[in-house]
Amino acid sequence: MDRLRSLFPNGSFLSMFSKTEDEAEYEPLAAETSFIDDQPDNHDDGARPPFSWLEYGIFALLGVAMLWAWNMFLAAQPYLQARFQADPWIQDNFMSAILTVSTFTNLGAMIILSNIQYSASYPFRIKLALCINVAAFALLALSTRIFLDLAPALYLTFILLIVGSSAYAAGLIQNGAFAFAASFGRSDYMQAIMAGQGVAGVLPPLVQVISVLLAPPPDTSAHSAEVDNDKGTAAFLYFVTAVVISLIALVAFVPLVRRHDQLVENRLAEQMAASMNSIEEAERAARKVVSMTTLFKKLHWLAGAVFMCFVVAMFFPVLTSKVQSVIPSEEAPTLLKPYAFIPLAMFFWNLGDLGGRSGALILPLRERPGLLFIISIARILFLPLYALCNLNGQGAVINSDAFFLLLVQFPYGLTNGWLASNCMMASSDWVEEGEREAAGGFMSMCLVAGLAAGSMLSFTVAGV
């Protein structure tokens, strides 16, 4: 360790990525701190609540619920294509419409919610989001069993209304959960949410791969009522699963709110709790209202890093769907045929993402936000690697499926999960205690902004 320190005396090389001691008092590191083993020290660890695996698990479950509904919606694409087949234009463009409504509704909700701080009840936002998801996906499940003769235009209108509702719910739970986790003063709870999101990304493609291996899809070249019924049943199960996950998260969240209320009581008992009518009033009294400009000044490296992380991430679903196995479809085993190979590739990306989110606890880099930003820019280098793979079946420069799955998809996802988790975990270390909730909401807004910008930019590679 001393040998490593000697290479960078006084942190000379990496001090450009950290802030100096004579800036604001909230900052955790001085310019002379070591890159190797010093951690942010602006807060007293003794003031933090003890780590609890139960609380960690509940936050992880909130992360699963945050993305599970959306992933189940994406998994139902074959069913929606069947419902829109009477209108070719809608069939070709419904995913673009869904993506646009979702990302911009989500971003708009995040901007509004991030500017409502003093009166915010983050537990209420989380509960409301889960209730909206239960109602929305229950309606979607019913739509696979009733009103099957609805005109494509009317059904698209219904779908977009549901998408808008679920996107608003996503804004509520993203803003609420990250802010709520930050209020505990434990960065590992922030990582739990990120890990839960990773689980929500891994399981759907894994289920798709297993289902294809166990029961290969029938020939869909000719339309049949049996094929439509199979798709409708699958979509019904996807949507019902989203309802169940949201309900489980809603029930599990209750003891976490009680624990949070106990922490608020303990923190404010001597100072002001006695004069307050409720815990919520006491919590608001200790909460600082912080402008977005102030938060950006304190968190600009982290905000930029998480924004770029998800801008780059949004290219992966578009490019992944265009890559085929190097083995011709007619000769390939079931796992390497297009209908199985695409979810397999999605699984490897999401497996890497989950590994990266979990690995952020083992390999943290939260004390160097500027370096995290540099890494977020460098991840653009993953995109040209797809040109070396079998894009649209036109042949691969590197004739290997292992190269695509293990050296493109997996590390692309791994760096995404690791970088995003480090950014979100670090946010509470670079602000004052009363600003943690606002910082959590601000960082989640930057995350969603990255998703929105990335979704728009991803159309630039749609014609590749």
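Residues numbered from 1 in each chain as written. Predicted model: local features only at pLDDT ≥ 70, side-chain atom pairs only at ≥ 80, totals over all residues. Heavy atoms only, no water.

(A) Main features of the overall build of the chain. Within the chain, the regular secondary structure consists of 15 helices and 0 strands. The contacts in the chain between residues at least 6 apart in sequence include a share of 84% that link residues at least 24 apart. Summed over all atoms, the accessible surface of the chain reaches about 20200 Å², with 65% contributed by carbon and sulfur. (Helix = DSSP H or I, 4+ residues; strand = E, 2+ residues; numbered from the N terminus. Contact = heavy atoms within 4.5 Å. Areas by Shrake-Rupley, 256 points an atom, 1.4 Å probe, with all protein chains shown as cover.)

(B) Structural context of helix α13 (residues 369-378). The complete set of buried residues in α13 reads Pro369, Gly370, Leu371, Leu372 and Ser376. Packed against the buried residues of α13 are α10 (292-313) and α14 (401-426). (Buried < 20%, exposed > 50% of the residue type's maximum accessible area, 1.4 Å probe, protein only.)

(C) Spotlight on unusual backbone geometry. Its identity as a non-glycine residue notwithstanding, Phe147 has a phi of 55°, on the positive side. As for its placement among the helices and strands, Phe147 is situated in the loop between α5 (122-143) and α6 (152-183). Phe147 gets classed as exposed once you look at its relative accessible area, which sits at 62%.

(D) View of the packing of aromatic side chains. Counting across every chain of the model gives 19 aromatic pairs. For the ring pair Trp53 and Tyr56, a centre distance of 5.3 Å and an interplane angle of 70° mean the geometry is edge-to-face. Here Trp53 and its partner Tyr56 are both found in helix α2 (residues 53-75), 3 residues apart, which amounts to about one turn of the helix. Using a relative accessible area of 64% as the deciding quantity, one classes Trp53 as exposed. Look at Tyr56 and you get buried, because its relative accessible area is 13%. Among the aromatic residues, ring-to-ring pairing joins Phe51, Trp53, Tyr56, Phe59, Phe180, Tyr189 and Phe253 into one connected group. Note that Arg83 overlies the ring of Tyr155, its terminal NZ or CZ placed 3.8 Å from the centroid. In this structure, Arg145 is placed above the aromatic ring of Phe236, and the distance from its NZ or CZ to the ring centre is 4.8 Å. (Phe/Tyr/Trp six-rings, centres within 6.5 Å; stacked < 30°, edge-to-face > 60°. Lys NZ or Arg CZ within 6 Å of the ring centre and 35° of its normal.)

(E) Looking closely at a nonpolar patch on the surface. Nonpolar side chains collect at one region of the surface, where Leu139, Leu142, Ile146, Phe147, Leu150 and Leu154 lie side by side and expose about 570 Å² of accessible area between them. Structurally, Leu139 is set in helix α5. (Patch = residues over 30% accessible without salt bridge, like charges linked within 9 Å, V, L, I, M, F, W, Y side chains within 5 Å. Salt bridge = Lys/Arg side-chain N within 4 Å of Asp/Glu carboxyl O.)

(F) A look at the pattern of salt bridges. One pass over the full model with this rule turns up 4 salt bridges. Two residues, Glu435 and Lys298, come together in a salt bridge whose shortest N-O distance is 2.7 Å. Here the residue Glu435 occupies a position in the loop between α14 and α15 (436-457), and Lys298 occupies one in helix α10, the gap between them amounting to 137 residues. When sorted by exposure, Glu435 lands in the same class as Lys298, which is buried. A salt bridge links Asp429 to Arg366, with the shortest nitrogen-to-oxygen separation between them at 3.6 Å. One end of the pair, Asp429, is in the loop between α14 and α15; the other, Arg366, is in the loop between α12 (338-359) and α13, and 63 residues separate them in sequence.

(G) Here's a closer look at the packing of α2 against α6. Running from N to C, α2 and α6 point in directions that differ by 165°, and their axes come no closer than 11 Å. Relative to α6, α2 is oriented roughly antiparallel. Our pair here, α2 against α6, has a crossing hand that is left-handed. Packed against α2, whose contacting residues are Phe59, Leu62, Met66 and Phe73, the element α6 presents Ile159, Val163, Ile173, Gln174, Ala177, Phe178, Phe180 and Ala181 at the interface. Each residue belonging to the contact of α2 with α6 can be placed in one class, and the counts come to 11 nonpolar, 1 polar and no charged. (Axes fitted to C-alpha atoms, helices over the stretch in contact; angles between N-to-C directions. Parallel < 35°, antiparallel > 145°, perpendicular 65-115°, else oblique. Left-handed = near helix turned anticlockwise from the far one by under 90°. Nonpolar A, V, L, I, M, F, W, Y, C, P; charged D, E, K, R; others polar.)

(H) Highlighting the confidence of the model for the chain. Per-residue pLDDT for the chain has a mean of 79; in total, 79% of the residues score no lower than 70. Between the elements of the chain, mean pLDDT differs from a low of 42, seen in helix α1 (residues 2-7), to a high of 95, seen in α13. Under a pLDDT of 50 for its full length, residues 1-46 has, in the predicted model, 77 contacts with residues more than four places off or in other chains. (pLDDT = per-residue confidence, 0-100.)

(I) α14, seen in detail. The end-to-end C-alpha separation of α14 is 36 Å, in line with the 38 Å expected for 26 residues at 1.5 Å each. The largest bend along α14 reaches roughly 30° and is located at Phe410, with the proline Pro411 sitting one to four residues downstream. Counting buried positions along α14 gives 20 out of 26 residues, so the element sits mostly inside the fold. (Expected span 1.5 Å × (residues − 1). Bend = angle between axes of the 7 residues up to and from the residue.)

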